[in-house]
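Okay, here's what each chain looks like letter by letter:
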Amino acid sequence: SETFALTDASGNRALFYHDTGCLSSHPSLLSDVVGAKQDSQATQFLNSPTYKSDKDSYFPGIRTPFESVRALTPNTRLDLESLSVERFYPRDSLRKNSTEDVIPELANLFKTQVEVLADNEPLAVSLTAGIDSRVTLAATRAVADDVFYYTLSFDDESQKEARMAKRLCSELGL
């Protein structure tokens, strides 16, 4: 019989694995159990200005700070006998699309989702100066009168974000 491990579909519950077949919810716990050393490339990344400057820094893809300790990503499964990882969803081959084709389709889907949500419940949207906020602002324009926009401000950096978010709203008449 086949024995395998997988995470939830959105990766809300992390799962890390090692070449020995050990599994854990945290890479440091797994490292302690199997005696994995810190990866030299990971050390460079941990000491980089990019990692240190970002409050929500994380390792990309399946990487962790430890040698031979990897993250199992959503929609993949780890065969516990062979330790091979296989993508199981989506089941069909992904079609290739150009950015020019995808953007209007995604924009329409996002806008429709926002409108459906606004029809059912009052919306509250957290804004910053980031791209995600700008996309969300664009998607909520049609229902903006029914949206409560806000920005959390607790330090100098977030106060800069709040000023930019306020400027964006002002320019859009919100």
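Below is a summary of the structure that appears in this document. The shown structure was predicted, so the numbers you read here are calculated from the model rather than taken from an experiment.

This paragraph deals with the overall build of the protein. Helix and strand counts for the protein come out as six helices and eight strands. Principal-axis analysis of the C-alpha atoms gives the protein an extent of 60 × 45 × 30 Å. Relative to its full complement of 174 residues, the protein shows a buried share of 25%. Here the contacts in the protein between residues at least 6 apart in sequence split such that 56% fall between residues at least 24 apart. For the protein, the exposed surface amounts to about 12,500 Å²; the carbon and sulfur share of it is 52%. With 18 positive and 26 negative side-chain charges, the protein shows a separation of 5 Å between the mean positions of the two kinds.

Attention shifts here to the side chain of Thr7. Its place among the elements puts Thr7 in the loop between strand E1 (4-6) and strand E2 (16-18). Overall, the relative accessible area of 8% leaves Thr7 in the buried class. Residues in contact with Thr7, not counting those within four places in the same chain, are Arg13, Leu15, Leu72, Thr73 and Pro74.

Overall, antiparallel pairing links the three strands, which are arranged E3-E2-E4 in an open sheet. Among the strands making up the open sheet, the edge pair consists of strand E3 (23-24) and strand E4 (69-71). In this structure, E2 lies alongside E4, joined through three bridges in antiparallel fashion. The residue bridging Phe16 from the neighbouring strand is Ala71, located in E4.

Reading the values: the criteria
Residues numbered from 1 in each chain as written. Predicted model: local features only at pLDDT ≥ 70, side-chain atom pairs only at ≥ 80, totals over all residues. Heavy atoms only, no water. Helix = DSSP H or I, 4+ residues; strand = E, 2+ residues; numbered from the N terminus. Buried < 20%, exposed > 50% of the residue type's maximum accessible area, 1.4 Å probe, protein only. Contact = heavy atoms within 4.5 Å. Areas by Shrake-Rupley, 256 points an atom, 1.4 Å probe, with all protein chains shown as cover. Lys, Arg positive; Asp, Glu negative; His and termini not counted. Charge placed at Lys NZ, Arg CZ, Asp CG, Glu CD. Pairing = 2+ DSSP bridges.

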